[in-house]
Amino acid sequence: MKPVILTEVVLHTIKMKLIAPFTTSFGTALEKHVCLVEAVDESGVSGWGETVTSDEPYYNEETTYTATYMLKDFLIPKVMHKTIQHPLEVHDMLTFVRRNQIAKSAIETAIWDAFAKKNNIALSELIGGTKTEIEVGKSIGIQSSPVKLVEKVAEYVDEGFRKIKVKIAPGADLDYIDAVRKEFPDIPLMADANSAYTLNDINHLKKLDQYNLMMIEQPLAHDDIIDHATLQEQLQTPVCLDESIHSLEDARKALQLGSCRIINIKIGRVGGIGESVRIHDLCKDNGVPVWCGGMLETGIGRAHNIALTSLSNFTIPGDTAPSSHYWTEDIIQPEVTMDHGIIQVQTGPGIGFAVDREKLDRVTIRKERISTAETAHPIP
Ligand SMILES: O=C(O)CCC(=O)c1ccccc1C(=O)O
Ligand SMILES: [Mg+2]
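Predicted model, so just to flag it, every value in this text is computed and none were measured. (Residues numbered from 1 in each chain as written. Chains lettered and ligands numbered in written order. Predicted model: local features only at pLDDT ≥ 70, side-chain atom pairs only at ≥ 80, totals over all residues.)

So, on to the overall build of the protein chain. Helices and strands together make up the secondary structure of the protein chain, namely twelve helices and 16 strands. The C-alpha atoms of the protein chain give a radius of gyration of 20 Å, which matches the 21 Å a tight globule of 380 residues would have. In terms of overall dimensions, the protein chain has a C-alpha envelope of 60 × 40 × 35 Å along the principal axes. Counting only residues that meet the buried cut, the protein chain has 51% of its 380 residues in that class. A fraction of 72% describes how many contacts in the protein chain between residues 6 or more apart in sequence connect residues 24 or more apart. (Helix = DSSP H or I, 4+ residues; strand = E, 2+ residues; numbered from the N terminus. Rg over C-alpha atoms; globule rule 2.2 N^0.38 Å. Buried ≥ 20, exposed ≤ 12 C-beta atoms within 10 Å, placed from the backbone. Contact = placed C-beta atoms within 7 Å.)

Here it is in structure tokens:
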């Protein structure tokens, strides 16, 4: 296959308003700033990536602005003008910078898209995806009351979503789940705590076992895999890890310790598509199912998620809901749409969606071009 050689990277910083506020145990998001990374190959082909960051460092330590800075001063200079034989090489090229996985993922995913487009192959096919369509779930933020939540769940079940994920936090947990289960005894239902509990809450968390949940996602600290193992031993409900898994090594250790029975793979959180595929394969070899989490992405991040989810061990519906659930207008053509809870995997080259330049320009607040590998810092 033809290698990629980047001659220019364009950073499009955009601001988009969410159609509705999204509340988790760490706060409420009303709008998002993201940096879209356009990686231009010497052939003129552009590949696209997205910093799936939040505006504040509450989910993890990164923000859109820290990610943009890391990209400009360290990560892009490292890959600029290099001959990249295959995008699987990019992960290791970027390990000279510690952590900053979302920033790394933004340029890594752009290179995957550029490489796939240059070689006229769908991203899904390039990574070994076998599914032609994927099942989708809906992640629902914390609502003002259990009644409100039940209304929302009813709406999304009617729309055809294959899984309902409810955000929980102390004070908004058992009553909420109880109300949903009473109304919907059989739907695939799960809870996501975003690290809102500690092991002191173990007896409280055990009460969730009566609701036949598919899993509880990240109940304990964002940086923990030890206490999660203790909790999993005492819970019937499978524990799923999100925040705690940043790499293949983290996943290996969590599985070895028994910290979870399911892993939520987010491309941004683990530093890109290469590492996502490796974690998928490890889980598959160990009989551990995975699913693709969401970060309220624009169409670009959403497109990467769809391609990734085409891998065979993504057996649980993900959080990749259609564009219209987040934005009045997405920046890709066509937008991501869903039919009875199913999204078709794109078959066109790369991510298979085109960036709508006109719509992009309307939400752009800054545009910077980088074409040199020179920086203020020595790059090893
Ligand atoms: O994109 C979606 O719809 C899922 C949103 C979601 O749950 C989420 C959004 C922002 C930060 C963390 C999370 C999470 O999965 O924990
Ligand atoms: Mg989560």
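That was the structure; now back to the text.
Assigned domains of the protein chain: these are domain 1 (4-120 + 356-370) and domain 2 (125-351). Of the residues lining the interface, 37 residues belong to domain 1; the matching set on domain 2 comes to 36 residues. Only strand E1 (4-24), strand E2 (27-41), strand E3 (46-50), helix H2 (90-93), helix H3 (101-118) and helix H12 (357-363) provide two or more residues apiece to the side of domain 1 that touches domain 2. Examining the composition of the side of domain 1 that touches domain 2, we find that ten residues originate from one element, H3, more than from any other. (Domains from an automatic or database assignment.)

Pairing in this open sheet of seven strands is parallel, and the strands run E6-E7-E8-E9-E10-E11-E12 from one edge to the other. Whereas interior strands pair on both sides, the edge strands pair on one side only; in this sheet they are strand E6 (138-140) and strand E12 (290-292). Relative to E12, strand E11 (residues 262-265) is paired through three bridges, and the arrangement is parallel. Residue pairing in the sheet places Ile263 in a bridge with Val290 of E12. (Pairing = 2+ DSSP bridges.)

According to UniProt, the "domain: Mandelate racemase/muconate lactonizing enzyme C-terminal" (unreviewed entry) feature falls on residues 146-238. The span residues 146-238 shows a helical share of 41% and a strand share of 11%, and its end C-alpha atoms are spaced 23 Å apart. (UniProt positions renumbered as here; feature names shortened; annotations may be inferred.)

Take the site of ligand 1 next. Around ligand 1, the neighbouring residues are Tyr59, Ser139, Asp192, Asn194, Asp242, Gly293, Gly294, Met295, Leu296, Asp319 and Ala321. Per-class residue counts for the shell around ligand 1 are four nonpolar, four polar and three charged. (Near = placed C-beta within 6 Å. Nonpolar A, V, L, I, M, F, W, Y, C, P; charged D, E, K, R; others polar.)

Before going further, it helps to spend a moment on the nonpolar core. Counting residues in each nonpolar core, the largest one holds 110 residues, and the members touching the most others are Val37, Leu71, Ile107, Ile111 and Ile263. It is H3 that contributes the most residues to this core, ten residues altogether. The residue makeup of this core includes at least three contributed by each of domain 1 (4-120 + 356-370) and domain 2 (125-351). Excluding residues within four positions of it along the chain, Ile107 makes contact with Val37, Ala39, Gly49, Leu71, Leu75, Ile76 and Val79. (Core = buried A, V, L, I, M, F, W, Y, C linked by C-beta atoms within 7 Å.)

Let's shift gears to the environment of Tyr197. The topology assignment puts Tyr197 in the loop between strand E8 (189-192) and helix H7 (202-206). Through-space distance from the C-alpha of Tyr197 to that of Pro219 is 5.7 Å; in sequence the pair is 22 residues apart. Leave out the neighbours within four places in its chain, and Tyr197 touches Pro170, Leu205, Pro219 and Leu220.

The first and last C-alpha atoms of H3 sit 25 Å apart over 18 residues, in line with the 26 Å expected at 1.5 Å per residue. The element H3 is largely enclosed, with a buried count of 18 among its 18 residues. Backbone geometry just after H3 places Asn120 at a positive phi near 55 degrees. (Expected span 1.5 Å × (residues − 1).)

Further remarks concern the packing of helix H9 (residues 248-257) against helix H10 (residues 273-285). Pairs of packed helices are described in terms of their axes, by the angle between the two and the distance that separates them. Packing of H9 against H10 brings their axes to within 9 Å, and their N-to-C directions diverge by 20 degrees. The pairing of H9 with H10 is recorded here as roughly parallel in orientation. Note on packing geometry: the crossing formed by H9 with H10 is right-handed. When H9 is examined against H10, the residues Leu248, Ala251 and Arg252 are found in contact with a partner set consisting of Glu275, Arg278, Ile279, Leu282 and Cys283. Considered class by class, the residues forming the contact of H9 with H10 number five nonpolar, no polar and three charged. (Axes fitted to C-alpha atoms, helices over the stretch in contact; angles between N-to-C directions. Parallel < 35°, antiparallel > 145°, perpendicular 65-115°, else oblique. Left-handed = near helix turned anticlockwise from the far one by under 90°.)

Tracing the sequence through the fold places Lys284 in helix H10. Along the sequence, Lys284 and Ser312 sit 28 residues apart, while their C-alpha atoms lie 8.5 Å from each other.

The UniProt entry lists Asp192, Glu217 and Asp242 under the feature "binding site: Mg(2+)" (unreviewed entry), expressed in the numbering used here. Separation in sequence by 51 residues is not matched in space for these annotated residues, since their most distant C-alpha atoms are only 9.2 Å apart. Mapped onto the secondary structure, Asp192 falls in strand E8. For Asp192, a count of 26 C-beta atoms within 10 Å puts it in the buried group. Those residues within four positions of Asp192 in sequence are excluded, and the remaining contacts are Lys165, Lys167, Ile168, Glu217 and Gln218.

For the rest of this paragraph, the subject is unusual backbone geometry. In the segment running from Gln333 into Pro334, the intervening peptide bond is cis, with an omega of -10 degrees. Note that Pro334 resides in the loop between strand E13 (332-333) and strand E14 (342-344). Of note, the phi angle at Arg99 is positive, near 50 degrees, even though the residue is not glycine. With respect to the element layout, Arg99 can be found in the loop between H2 and H3.

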